[in-house]
Amino acid sequence: MGALVTLDLPADAPALTLPWIITFGPMNDEEEWEPVVCGPYERAHALALAEAVVADEDLMAVVEPLQPHVTVAQIQGDIAASRLAAENEDVETAALDAELAGYEDSYHDHDHDDDDHTHEPPSVDEIRAGFSRIAAKLSS
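Residues numbered from 1 in each chain as written. Predicted model: local features only at pLDDT ≥ 70, side-chain atom pairs only at ≥ 80, totals over all residues. Heavy atoms only, no water.

A. Molecular detail of helix α1 (residues 43-54). The end-to-end C-alpha distance of α1, which contains 12 residues, comes to 17 Å, matching closely the 16 Å that a straight helix rising 1.5 Å per residue would cover. Those residues of α1 not exposed but buried are Ala46, Leu47, Ala50 and Val54. One face of α1 carries all of its buried residues, which in axial projection span an arc of 95 degrees. Along α1, the residues that are exposed and aim more than 90 degrees away from the buried face are Ala44 and Ala52. In this structure, the buried residues of α1 make contact with β1 (3-6), β2 (20-26), β3 (36-41) and β4 (59-65). (Helix = DSSP H or I, 4+ residues; strand = E, 2+ residues; numbered from the N terminus. Expected span 1.5 Å × (residues − 1). Buried < 20%, exposed > 50% of the residue type's maximum accessible area, 1.4 Å probe, protein only. Arc of directions from axis to C-beta. Contact = heavy atoms within 4.5 Å.)

As structure tokens, this is what we get:
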């Protein structure tokens, strides 16, 4: 049997109404494969699907909300909040350090061939139009 990890939220948490994703990955360091990300789903559907998949498999499923941010400032705010929360935690594990090292090793800078070009973030309207295109694809 695998493991399911998700946020423990109060019944009135705004995040409960967001779309949710599931990330499936190995339970231990002995297996090395890229995690599989699925979604978006409603939270109840994401939890049910994750439970069904990990029931008979030695997998870890992380169920988390998607944050539909439309500005760089919103994203930076969440990153800052996450960093602050990490600084306030007293518990660090070797497994987490190893996992983070693995992410650093797999990072690829897509802009390295085009160093003279600065990519501007998309506008709020462009992002919302992208949301609409994704919704149309998901519902077709």
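B. Fine view of the nonpolar core. Among the nonpolar cores identified, the biggest contains 12 residues, and these are Ala15, Leu18, Trp20, Ile22, Phe24, Ala46, Leu47, Ala50, Val54, Leu59, Ala61 and Val63. Secondary-structure elements contributing two or more residues to this core are β2, α1 and β4. For this core, the element with the most residues is α1, which contributes 4 residues. (Core = buried A, V, L, I, M, F, W, Y, C linked by side-chain atoms within 4.5 Å.)

C. Molecular detail of the sheet that holds β1. Sheet architecture is open: 4 strands sit in the order β1-β4-β2-β3, paired in mixed fashion. For this open sheet the edge positions go to β1 and β3, each flanked by a neighbour on one side alone. Each strand of the sheet is rotated relative to its neighbour by a mean of 20 degrees, with strand direction disregarded. Of the pairings in the sheet, the one linking β2 to β4 comprises 7 bridges and is antiparallel in character. Along β4, the bridge assignment pairs tryptophan 20 with proline 65. (Pairing = 2+ DSSP bridges. Axes fitted to C-alpha atoms, helices over the stretch in contact; angles between N-to-C directions.)

Any link to function would need more than the numbers given here.
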